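Okay, here's what each chain looks like letter by letter:
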Amino acid sequence: MNTLIAITGLGIFCLLFEILNLRKAIVPITIVGLLAVLALNFSEFGSTESYYNNMITVSKFSTSFSSLFIVLTIFLVALSHNFYENHQNKISDFVAIKVFLLAGAVAMVSFGNLAMFFLGIEILSISLYILAASERLNLKSNEAGMKYFLMGSFASGIILFGICLIYGAMGSFDVVEISEYSLSAELPIWFPIGMILLTVGMLFKVAAVPFHFWAPDVYEGSPALTTALMSTLAKVVAIATLYKLIAGLNLISSLENQELLGTFETIIVIISIASMTVGNIMALRQVNVKRMLAFSGISHAGFMLMTFLTVATSAGVLLYYTTAYALAGIAAFSVILYVCKNQDNEDITNFHGLGKTNPLLAAILTASLLSMAGIPIFSGFFAKLFLFNQTIQAGHITLVIVAVINSIISVGYYFKLILAMYSKEPNQERSGKPFLIYAVAIISIGLNIALGLFPSLILDLLN
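Here goes a summary of the coordinates provided. (Residues numbered from 1 in each chain as written. Predicted model: local features only at pLDDT ≥ 70, side-chain atom pairs only at ≥ 80, totals over all residues. Heavy atoms only, no water.)

A word on the overall build of the protein. In terms of helices and strands, the protein carries 20 helices and 2 strands. In terms of overall dimensions, the protein has a C-alpha envelope of 70 × 55 × 40 Å along the principal axes. Taking all 463 residues of the protein together, 60% fall into the buried category. A separation threshold of at least 6 residues defines the contact pool for the protein, and within that pool the share at least 24 residues apart is 79%. Surface summary for the protein: the accessible area is close to 17600 Å², and the carbon and sulfur share equals 68%. The averaged location of the 23 negative side-chain charges in the protein is 13 Å from the averaged location of its 21 positive side-chain charges. (Helix = DSSP H or I, 4+ residues; strand = E, 2+ residues; numbered from the N terminus. Buried < 20%, exposed > 50% of the residue type's maximum accessible area, 1.4 Å probe, protein only. Contact = heavy atoms within 4.5 Å. Areas by Shrake-Rupley, 256 points an atom, 1.4 Å probe, with all protein chains shown as cover. Lys, Arg positive; Asp, Glu negative; His and termini not counted. Charge placed at Lys NZ, Arg CZ, Asp CG, Glu CD.)

The structure is reproduced here in structure tokens:
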């Protein structure tokens, strides 16, 4: 709870800096503030407390994922300095929105009550709608904002309907009470129906097939920094929250009571396979890097959903996978922001010859793409290794075989971009070495490699 209050206070301070005309200090002070919030959040690690009649609950799960969200927000705020340098009069608005978005993200993994969960998801979603449409003079940005708003609103409506059905079945919004009631022998049919609607709404937010159709257009049309936020922070928040919902509301146990567990597992397997396959095959055809990474994100959502087959034991694996994926994504988008600045698009042609004109950034982008593909020594490889091992132990060997094949397919489109950087001749001059973009790129890929060498640092947090 202290973390949530501190984040909200920091967001208000960002708005005050605008009033006091301290725009140049906004980014560094926000980063320092977020580092302090990270320390405060980590000081609560291991404690199990609840606040305000169980509206917010602190646990190892909530503090671990909140720490990841705060680190990702620090990177995104650091990248804001260069991205918004031509919009200095609006930088406080954009930074404040990102901080408030973080408050929604923390609320989504710390909820002890479905009302707080819905409040968190709306804070996060409204912030994303604004950021997606923030380039007012860009038609694609307007389209992305409107499309995301409409799809997100429908998803929120489905989630709210699901919450209402769960309340109708259980007579409570409290997660602990619902969890206890769900173990009873006779459950109203409204509870599993409500959980299905809740899951469908969250799968929209995760962009898993067949609820993915909004993602490529929204990712392509949104400003590049907003796309980075959606691809990393927003996706990780959605998948972690869905995991907590299924685990916290005892969906697995209640389905066992109603003998529907086999159906649930089959649905998860089908959605996982469809997300991996559709995402990877469509990514092979893309020439726009943001659109390619959108389909890549859809395929990674399929991998992350595999943890739902072993909900009781896979929290550590999910945390490790999301951390590896998000760090690689931040590193990749740092390079994209540098290369595609002042360009009309983010096509692969912009990256021609980057290996010759800027070997360091080309190496960082190559490393992040190899991590996403699951190549050793990067943490993306070990994330998939642990995930596959756990899924095999759960008895889903066919799913793992399909996942391995999809990992091989993904190498195709990642290497298309890598080859463009090293085998093509440069087609543009790139001047300047923005410190914060280089710092974010180097630190994020460094953390990715470090977690690959020492995976227990993350895996053991939730065991």
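Any two side chains of opposite charge can pair, so long as their charged atoms come close to each other. With the rule as written, the count across this model stands at 5 salt bridges. Measuring nitrogen to oxygen at the nearest pair gives 3.5 Å for the salt bridge that ties E143 to K147. Taken together, the positions of E143 and K147, both in helix 6 (residues 139-170) and 4 residues apart, correspond to about one turn of that helix. Take K147: its relative accessible area is 26%, and that puts it in the partly exposed class. (Salt bridge = Lys/Arg side-chain N within 4 Å of Asp/Glu carboxyl O.)

F65, F69, F117 and F351 are the most contacted members of the largest nonpolar core, which has 172 residues in total. Top element by residues in this core is helix 14 (residues 315-339). It accounts for 20 residues. Sequence-distant contacts of F117, that is, excluding residues within four places in its chain, are made with M108, F111, I159, I163, L198, M202, T241 and L245. (Core = buried A, V, L, I, M, F, W, Y, C linked by side-chain atoms within 4.5 Å.)

Moving on: the environment of N41. Looking at where N41 falls in the secondary structure, it is placed in helix 2 (residues 23-43). For N41, a relative accessible area of 2% corresponds to the buried category. A distance of 3.3 Å separates a polar atom in the side chain of N41 from a polar atom in the side chain of T3. (Polar contact = N/O pair within 3.5 Å; in protein donor to acceptor, adjacent residues only side chain to side chain.)

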